[in-house]
Amino acid sequence: MYRVAKASEYLVITGVGIIDIKLAKKAWVFHGQSYSKFDVSPVNYTFEVQAMSSEKLPFILPAVFTIGPRIDDEESLFKYAKLIAPHDKLSCHNKELVQGIIEGETRVLAASMTMEEIFKGTKEFKQEVFEKVQLELNQFGLLIYNANVKQLVDVPGHEYFSYLGQKTQMEAANQAKVDVAEAKKKGDLGSKEKEGETLRNAAAIDAETKIASTQRQGEGKKEEIKVKAEVKIFENLREAELAEANADLAKKKAGWSREAQVAEIEANKAVALRDAELQKEVEEMNALTQTEKLKAQFLSKAGVEYETKAQEANWELYKKQKEAEAHLYQKEKEAQAQKATAEAGFYGRKQAADGDFYAKIKEAEGLKALAEAQGAYVRTLLDAMGGNYAALRDYLMVSGGMYQDIAKINAEAVRGLQPKISIWTNGSGDGQQQSGSNNAMNEVAGVYKMLPPLFSTVNEQTGMLPPSWMGTLTDSTINN
């Protein structure tokens, strides 16, 4: 069949005579080959990437990326045909793949920059995101045709840019009243910043916890799917090898049967041929007998007896020769049968040895695949954590339940000890701010308030009393 692709399409052909895959705009598709088409026109992907700066300030980066296969590079087209083309270019699979790469690179880059650097260097930030995302897309044969990064937007509940604009307006409107407005602004901003910092930290912890949980679930599902696919592939290979072995055995049985039938036919033909030769010799002997009878009528009795004895001797010699030939033929057939039996046994032992050898190879390949999967898992975690080995170690300890085990062991160690624990506070608890002088006196007063419960605690724990020049404890305090 002759197949032709459209202007924005390519043909992917596999099968007999093709080592890997073949890409073409038009080609013949022969028996034993299969083909499919894929579109190379780019697709727009619109995202709102949530990222966080180095000061833990979250923000939203709206972006539109126009992405498609790289058609000017044959190697990239091969990668796209094998990795992306089997899926619909508008499918969730492709969108999640592109979105994951863009979000990951954007978050890593944003985490290394302050909010001020991101806001002032938007063009440089966009260019660096573009380059890092393109570097990751190269391994899938994809090219970014266009990238449009919109204005940075506040995350709901985090009005950093709104406050920044209000700050600029307040500075322009209240320039004439700098002294009064500056004090009010600092108080308001200080309060808002504390509240905002608390909310941002809580939101950051929640977001990081959800991200880590989602990543672990996704990695677990990917590993499960990968293992199931490998098991299915191995089962299919084993079934194919078993079918091939059965086919080879059937071929050999057919060959042995054919050889046995040929040998039997040859034996029957040899017997018939020998029978014809003997019949011919019998006829010749009959003719000779008639001749001798005629001779006997004219020759002497002595001549007749001589001829008779000679013929009898010849017959005995011929008979012994035929018996020897028959015995030799029987021995040759027995030797051939023994040879066929030995070859069959050797083939069976060879097949068993090949099967054991193949099983060992598959077992080694399975161990190698497991080691590679574990290595890829560790490399993925290390890359996701920016090459921080300490963070990777902490994550593995948390995911492995080591901290829970340590807490359990410590709890078992102190069980039954019943330690004495004393808790006291020197705070006023009213939460009101006072002037600088009053605050200093409150600190001094707090130190003196702390001494009696401290001396009482030392006495309870060790039985020691404070020196007399520092103070004494009453009997009720000591008893308590």
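This structure is a prediction, so every number in the text was calculated from the model and none was measured.

*Asks:* When you look at the overall build of the protein in this model, what are you seeing that I'm missing?
*Replies:* Scanning the protein from terminus to terminus reveals 11 helices and 9 strands. Taking all 480 residues of the protein together, the buried fraction comes to 20%. In the protein, of all internal contacts separated by at least 6 residues, the share reaching a separation of at least 24 is 60%.

*Asks:* What is the right way to read the pattern of salt bridges from this model?
*Replies:* Side chains that differ in sign of charge can pair as their charged atoms come close. Evaluation of the coordinates by the stated rule reveals 7 salt bridges. Here Glu103 and Arg107 are joined by a salt bridge, their closest N and O atoms 3.8 Å apart. With Glu103 and Arg107 both in helix α2 (residues 92-111) and 4 residues apart, the pair spans about one turn of that helix. Between Glu277 and Arg274 there is a salt bridge, with its nearest N and O atoms 2.5 Å apart. With a gap of 3 residues between them, Glu277 and Arg274 both fall in helix α6 (residues 178-298), about one helical turn apart. Residue class for Glu277 comes out partly exposed when judged on its relative accessible area of 33%. We classify Arg274 as partly exposed; its relative accessible area is 22%.

*Asks:* What am I meant to see in helix α8 (residues 389-399) here?
*Replies:* Quick reminder: α-helices carry 3.6 residues per turn. Residues three or four places apart thus point the same way. Residues of α8 that are buried: Leu392, Tyr395 and Met397. The N-capping residue of α8, defined by a side-chain oxygen 3.1 Å from the backbone nitrogen of Ala390, is Asn388. Positive backbone phi, approximately 80°, marks Gly401, located one or two places after α8.

*Asks:* So what exactly am I meant to see when it comes to the packing of aromatic side chains here?
*Replies:* How two aromatic rings sit relative to each other is set out by the distance from centre to centre and by the angle between their planes. Evaluated as defined, the whole model comprises 4 aromatic pairs. Judged by centre distance (6.0 Å) and plane angle (35°), the ring pair of Trp315 and Tyr318 falls under tilted. With Trp315 and Tyr318 both in helix α7 (residues 301-384) and 3 residues apart, this pair spans about one turn of that helix. Among the aromatic residues, those joined into a ring-pair cluster are Tyr10, Phe38 and Tyr80. The ring centre of Tyr10 lies 4.7 Å from the NZ or CZ of Lys25, which sits over that ring.

*Asks:* Help me understand the sheet that holds strand β5 (residues 33-39), please; the structure alone is not making it clear to me.
*Replies:* Backbone-to-backbone hydrogen bonds join strands into a sheet, with any given pair of strands oriented parallel or antiparallel. Across the sheet, which stays open at both edges, the 3 strands sit in the order β3-β2-β5 with antiparallel pairing between neighbours. For this open sheet the edge positions go to β3 (22-24) and β5, each flanked by a neighbour on one side alone. The sheet shows a mean angle of 25° between the axes of neighbouring strands, taken without regard to direction. Note: strand β2 (residues 9-15) against β5, 7 bridges, orientation antiparallel. Within the sheet, the bridge partner assigned to Thr14 lies in β5 and is Ser34.

*Asks:* How should empty space enclosed by the protein be read in this particular structure?
*Replies:* Rolling a probe over the atoms, with the probe sized like a water molecule, indicates the empty space that remains. If you walk through the whole model with that rule in mind, you get 2 cavities of 30 Å³ or more. Those elements that provide at least two residues to the lining of the largest cavity are β6 (43-52), β7 (58-69) and α2. For the lining of the largest cavity, the class distribution of residues is 9 nonpolar, 3 polar and 1 charged. Reported here for the second largest cavity is a volume of approximately 40 Å³. Along the walls of the second largest cavity sit Val49, Leu61, Ala63, Phe65, Ile102, Thr106, Phe125, Lys126, Val129 and Val149, which together make up its complete lining. The set of elements that each furnish at least two residues to the lining of the second largest cavity consists of β7, α2 and α4 (122-137). A breakdown of the residues in the lining of the second largest cavity according to their chemical character gives 8 nonpolar, 1 polar and 1 charged.

*Asks:* Just checking my understanding: could you explain the nonpolar core for this structure?
*Replies:* The tendency in soluble globular proteins is for nonpolar side chains to be buried side by side. Counting residues in each nonpolar core, the largest one holds 40 residues, and the members touching the most others are Phe38, Phe59, Ile67, Ile102 and Phe125. Looking at this core, the elements that each hand over two or more residues are β2, β6, β7, α1 (74-83), α2, α3 (115-120), α4 and β8 (142-149). Ile13, Ile18, Ala24 and Ala27 belong to the second-largest nonpolar core, a separate cluster that totals 5 residues.

*Asks:* What's the story with the packing of α2 against α4 in this structure? I'm lost.
*Replies:* The angle between the axes and the distance between the axes are what describe a pair of packed helices. For the pair α2 and α4, the least separation of the axes is 9 Å and the interaxial angle reads 135°. When the axis of α2 is compared with that of α4, the two are oblique. Helix-helix and strand crossings are classified by hand; for α2 and α4 the assignment is right-handed. Residues Ile101, Ile102, Glu105, Thr106, Leu109 and Ala110 of α2 form the contact with α4, whose participating residues are Phe125, Glu128, Val129, Lys132, Val133, Glu136 and Leu137. When its residues are assigned to classes, the contact of α2 with α4 shows 8 nonpolar, 1 polar and 4 charged.

What counts as what
- Residues numbered from 1 in each chain as written.
- Predicted model: local features only at pLDDT ≥ 70, side-chain atom pairs only at ≥ 80, totals over all residues.
- Heavy atoms only, no water.
- Helix = DSSP H or I, 4+ residues; strand = E, 2+ residues; numbered from the N terminus.
- Buried < 20%, exposed > 50% of the residue type's maximum accessible area, 1.4 Å probe, protein only.
- Contact = heavy atoms within 4.5 Å.
- Salt bridge = Lys/Arg side-chain N within 4 Å of Asp/Glu carboxyl O.
- Polar contact = N/O pair within 3.5 Å; in protein donor to acceptor, adjacent residues only side chain to side chain.
- Phe/Tyr/Trp six-rings, centres within 6.5 Å; stacked < 30°, edge-to-face > 60°.
- Lys NZ or Arg CZ within 6 Å of the ring centre and 35° of its normal.
- Pairing = 2+ DSSP bridges.
- Axes fitted to C-alpha atoms, helices over the stretch in contact; angles between N-to-C directions.
- 1 Å grid on protein atoms, 1.4 Å probe; cavity = no way out; pocket = protein on both sides within 12 Å on 5 of 7 lines; lining within 4 Å.
- Points joined across faces, edges and corners; volume = space filled by probe spheres on them.
- Nonpolar A, V, L, I, M, F, W, Y, C, P; charged D, E, K, R; others polar.
- Core = buried A, V, L, I, M, F, W, Y, C linked by side-chain atoms within 4.5 Å.
- Parallel < 35°, antiparallel > 145°, perpendicular 65-115°, else oblique.
- Left-handed = near helix turned anticlockwise from the far one by under 90°.

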